[in-house]
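# Working through the structure, step by step
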Amino acid sequence: MNRIVVLGAGESGAGAAVLAKKEGFDVFVSDTSLIKDKYKKMLNDHHIEWEEGHHTEEKILNADEIIKSPGIPKEAPMIQKLMAKGTHIISEIEFAGRYTHSKMVCITGSNGKTTTTSLIYHIFKSAGYDCGLAGNIGRSLALQVAEDPHEYYVIELSSFQLDNMYDFRANVAILLNITPDHLDRYDFKFENYADAKMRIIQNQTPDDSFIYWNNDPVIKKELKKYKITGKACPFSELKEDTSVAFTEDGQYKLEYPTPFNMKQEELSLAGKHNLYNSLAAGLAANICGIDQNVIRKGLSDFPGVEHRLEKVCKVDDVQYVNDSKATNVDACWYALESMRTPTILILGGKDKGNDYSHIFDLVKQKCVGLVYLGADNKKLHDNFDQFGLPVADTHNMADCVKACHDMAKPGDTVLLSPCCASFDLFKNMEDRGEQFKEQVRKL
């Protein structure tokens, strides 16, 4: 196999191209969008041919293998042509895995991935482990393998990345939960999405570990279809027969591979969803042999993740919270569940086939106003206007924050937890969160 074509020249694509070049492949990179200057420089520095703004078919269809950006759907015309030709299409993570024997700690789930990944990385770094952060966050795994290799990698994996992974092996696989998300990319079939998430356990051996939430109904159903090869390490909120991580009598407890406990109140992350994240992270650290004093400290001093229930500031005794990472209904459910004051909720964006009924009860219990933020807010009106709450319809962040400020009373919380992807009005969820923080600080 001599010629590799990389489709998409963002962080993962550019990194994959550098690794492919290092390994002696004839490499070509193509992106239908404009490529950022830093990635152009990276490609030029490594003498890698690239194009932007279009795909040149004759330079792509002759590839022996394709490394595809996870953001490109299989329905894209060029992908359809490659599939018809039978060209093998893989992800950057799959490609990078071929050229390293490092230990892989891999995290997926519909919600909590970034927090759990960041928490594990925080603990590993605190322990002095030689560790890289990769996948959906951090630097390209392929680029690190090529130029800055580590003994361990902590990797956040989306369903899109898992779709194009075949031989990659997770030494520690973590599956936090499976709830409806990205159904527009899975033919609006939840089963297809669930199947993608379960790919995280493929290729595991008896020497590996599989950490998962014991009470997730979808995981329970899915596990019946699979033979679990790695050591099963379920966690739950309260002690159960099979759980090896849980809480009991105000104590956070791990029973595998060595007993560990600390006071639950000492955990730095609040809320039930973050308890699950902390249980999964603690298990991963314990399995990887990290000193228990370091685990205890890491679980208690982790600062949290930007754009995930991030307290921005108080204005006129109103707390503004940036939860822009809540790009699906279940993530918003967790955010609302953790609210302890009357809440103005900001909803909206690119709908991915959302069923908003899951949060109806919490909206009625917690919310005193709703602000819609999207290019088209009709579905939000259809779902939420029925509750008789004050509602504002906005189409940019400045108007959105002004509407929240006008609606909120002292003691309220304004929560940006949109349930939706950001691509209708913003570059990405980070851009949405940054604009929110900027406008709030202007108040």
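In this text the structure is predicted, and so the values were computed from the model without any measurement. (Residues numbered from 1 in each chain as written. Predicted model: local features only at pLDDT ≥ 70, side-chain atom pairs only at ≥ 80, totals over all residues. Heavy atoms only, no water.)

### Observations regarding the overall build of the chain
Our working definition: Under the DSSP-based scheme used, a helix requires at least four consecutive residues in state H or I and a strand at least two consecutive residues in state E, with every element numbered from the N terminus. To get the radius of gyration, use the C-alpha atoms; to get the globule rule, take the number of residues to the power 0.38 and multiply by 2.2 Å. Buried residues are those whose accessible area, probed at 1.4 Å on protein chains only, stays under 20% of the maximum for their type, while exposed residues exceed 50% and partly exposed ones sit between those limits. Here, two residues are considered to be in contact whenever any of their heavy atoms come within 4.5 Å of each other. Method for areas: the Shrake-Rupley scheme with a 1.4 Å probe, in which residue coverage is limited to the protein chains shown. Here the positive residues are Lys and Arg and the negative ones are Asp and Glu; neither His nor the chain ends is included. Think of each charge as sitting on NZ of Lys, CZ of Arg, CG of Asp or CD of Glu.
When helices and strands are tallied, the chain shows 17 helices and 20 strands. Here the C-alpha atoms of the chain give a radius of gyration of 22 Å, agreeing with the 22 Å that 2.2 N^0.38 yields for 443 residues. With the C-alpha coordinates of the chain rotated into their principal frame, the extents come out at 65 × 50 × 40 Å. A total of 443 residues make up the chain; the buried ones form 58% of that total. Relative to all contacts within the chain whose residues are 6 or more apart in sequence, the contacts with residues 24 or more apart total 66%. Surface summary for the chain: the accessible area is close to 18,400 Å², and the carbon and sulfur share equals 49%. Counting 52 positive and 64 negative side-chain charges, the chain places the centres of these two groups 1 Å from one another.

### What to know about the sheet that holds strand β5 (residues 88-90)
Where we set the bar: Paired strands, as defined in this entry, are two strands with at least two bridges between them according to DSSP. A fitted line through C-alpha atoms serves as each axis, taken over the contacting stretch for helices, and the angle formed by two N-to-C directions is quoted from 0 to 180°.
A sheet is described by the order of its strands in space; here five strands give the open sequence β3-β2-β1-β4-β5, paired in parallel fashion. What marks the edges here is a single partner per strand, and that holds for β3 (49-52) and β5. Taken pair by pair, the neighbouring strands of this sheet meet at an average axis angle of 20 degrees, ignoring direction. As paired strands, strand β1 (residues 3-7) and strand β2 (residues 26-31) are joined by five bridges and run parallel to one another.

### Remarks on the sheet that holds strand β19 (residues 391-394)
An order of β15-β16-β20-β17-β18-β19 is seen for the six strands of this open sheet, with the pairing classed as mixed. For this open sheet the edge positions go to β15 (310-315) and β19, each flanked by a neighbour on one side alone. Between one strand axis and the next, the sheet turns by 20 degrees as a mean value, whatever way the strands run. Along the sheet face, helix α13 (residues 329-337) touches β17 (343-347), β18 (367-373) and β20 (413-416) and points at about 170 degrees away from the line of β17. Helix-sheet contacts for helix α17 (residues 429-442) involve β15, β16 (318-322), β17 and β20, and the interaxial angle to β15 is about 20 degrees.

Distances and angles like these do not, on their own, reveal function.
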